[in-house]
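Per-entry structural report
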Amino acid sequence: MTAILRGLAWLRDSIVNQAERLFLRVLAAGPVPRHVAFVMDGNRRYARRQQKQVQEGHVDGYVALRRMLEVCLRLNVQCVSAYAFSIENFKRSEDEVEALMKLAEEKLLELCEHGDILDEYGVRLNVLGRTSLLPEKVQLAVQKAESMTRHNTRAILNLCMPYTSRDEITTAVESCVRNADPSNPQITEKDIDAQLMTSLGCSPPLDILVRTSGVKRLSDFLLWQCCEDTQIQISSTFWPDFGLFDFVPIILDFQRKAWGRRISL
Ligand SMILES: CC(C)=CCC/C(C)=C/CC/C(C)=C/COP(=O)(O)OP(=O)(O)O
């Protein structure tokens, strides 16, 4: 009896999986964003609602990140950026920071393994942020994951940790000042743009920024990159629950606007 139930569950999952793949292939035939960023908000509220530990909320948040990365890759999105840890997050309780760092170390090593998602889809991993603030073990995992995926050219995953936009912009301006030509010390917008962590990691312009959990704030994430054409989308779903069917309306809205622009040209 158990074997039959297991077989039926496998059959159901396999049909759902095939249907999702087909659906994404149809969606990918339209205009697709080049770069999608996620503010993965609501992990602790999700944990509280599910009567789980905060740490479990973050583990489920990582599962959602993998799920959404795969959806984006099947849609042929070239670059995904995820806000995994803000510099401000170091002010959280010691236990929470420690658990997040342990999760980061473990998952960075898992992501870059041969046969895992980055290898399967040819994704280069960039860790963006002030990585010198991370514990040594996590820094080593970052170096390993970046170096193992550096030859991948099909897509980019930017894991932003520990990151804030203000820090990124300040670092970019410092670098421009350092490299400025003394006979022509003027710094242009283009110079700053070229020194941003996203530009150094070859990310295309940001088309969509999604924030989950219904909160309408940018929380110091990709402020420079949110330019004229970036669409900001707020989803009320908590990040660990966020999935394909929360993302589809966002993509359809992007496609509707892209087609609208083409028609008005
Ligand atoms: C590989 C790797 C490091 C994966 C990232 C895992 C992950 C989902 C991190 C999110 C961290 C974070 C502080 C999210 C904000 O929501 P919150 O936790 O503050 O929740 P709240 O908005 O309900 O308070």
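Read on for a plain summary of the structure.

Here is what the cut-offs are and how they apply
- Sequence order as written defines the numbering, with residues in each chain counted from 1.
- pLDDT decides what is reported in this predicted model: residues at 70 or higher carry local features, side-chain atom pairs at 80 or more are listed and counted, and totals for whole chains, interfaces and linings draw on all residues regardless.
- Water and hydrogen atoms were dropped before computing side-chain values, which therefore reflect all heavy atoms in the structure.
- When a residue's accessible area, from a 1.4 Å probe over protein chains only, is under 20% of the maximum for its type it is buried; when over 50% it is exposed; and in between it is partly exposed.
- Labels follow the DSSP assignment, with helices taken as runs of H or I lasting at least four residues and strands as runs of E lasting at least two, numbered in each case from the N terminus.
- In this scheme, strands are said to pair when DSSP sees at least two bridges between them.
- Surface patches are defined over residues having more than 30% relative accessible area and no salt bridge, joining like charges when they lie within 9 Å and nonpolar side chains (Val, Leu, Ile, Met, Phe, Trp, Tyr) when within 5 Å.
- Per-residue accessibility takes into account occlusion by the displayed protein chains alone, with areas from the Shrake-Rupley method and a 1.4 Å probe.
- Salt bridges are counted wherever a side-chain nitrogen of Lys or Arg sits within 4 Å of a carboxyl oxygen of Asp or Glu.
- Note on definitions: a residue-residue contact is assigned when non-hydrogen atoms from the two residues lie within 4.5 Å.
- Here the axes come from fitting lines to C-alpha atoms, over the contacting stretch only for helices, and the angles between their N-to-C directions go from 0 to 180 degrees.
- The near set for a molecule or strand comprises every residue that places at least one heavy atom within 4 Å of it.
- In protein, a polar contact requires one atom able to donate a hydrogen and another able to accept it; more generally it is a pair of N or O atoms within 3.5 Å, and residues adjacent in sequence count only if both atoms are side-chain atoms.
- Gly is put with the polar residues, along with every residue not named as nonpolar or charged; the nonpolar set is Ala, Val, Leu, Ile, Met, Phe, Trp, Tyr, Cys and Pro, and the charged set is Asp, Glu, Lys and Arg.

A separate point is the pairing of strand 6 (residues 231-234). Only one face of strand 6 is buried, namely the one carrying Gln 231 and Gln 233, since none of Ile 232 and Ile 234 on the opposite face is buried. For strand 5 (residues 208-211) and strand 6, the ladder comprises 4 bridges, and the chain directions are parallel. Bridge pairing links Arg 211 to Ile 234 in strand 6.

Here we take up a nonpolar patch on the surface. Residues Met 1, Ile 4, Leu 5, Leu 8, Trp 10, Leu 11 and Ile 15 make up a contiguous nonpolar surface patch of about 840 Å² in total accessible area. Looking at where Ile 15 falls in the secondary structure, it is placed in helix 1 (residues 2-27).

A few words on the pairing of strand 1 (residues 35-39). The side chains of a regular strand alternate, residue by residue, between the two faces of the sheet. Of all 5 residues making up strand 1, 5 are buried, and the element is well covered by its neighbours. Burial along strand 1 is two-sided: His 35, Ala 37 and Val 39 and Val 36 and Phe 38, pointing in opposite directions, are all buried. Bridge analysis of strand 1 against strand 2 (residues 79-83) gives 4 bridges, and the strand direction is parallel. Among the inter-strand pairings, Val 36 is bridged to a residue of strand 2, identified as Val 80. Pairing geometry for strand 1 and strand 5, over 4 bridges, is parallel. Within strand 5, the position partnered with Ala 37 by the bridge is Leu 209.

Turning to the side chain of Asn 126, a few remarks are in order. Within the secondary structure, Asn 126 sits in strand 3 (residues 123-128). Beyond its immediate stretch of four places on either side in the chain, Asn 126 contacts Glu 146, Ile 156, Leu 157, Asn 158, Leu 159 and Gly 201.

The next thing to look at is the sheet that holds strand 3. The 6 strands lie next to each other as 3-4-2-1-5-6, forming an open sheet whose pairing is parallel. Lying at the two open borders of the sheet, with one neighbouring strand each, are strand 3 and strand 6. When strand polarity is set aside, the average angle formed by the axes of neighbouring strands in this sheet is 15°.

Around the ligand, the structure places 14 residues, and the nearest of them are Asp 41, Arg 44, Arg 45, His 58 and Arg 92. In the model, an oxygen atom of the ligand is placed 2.6 Å from a nitrogen or oxygen of the Asp 41 side chain. Asn 43 places a polar main-chain atom, nitrogen or oxygen, 3.1 Å from an oxygen atom of the ligand. Of the residues assigned to the shell around the ligand, the class counts are 4 nonpolar, 5 polar and 5 charged.

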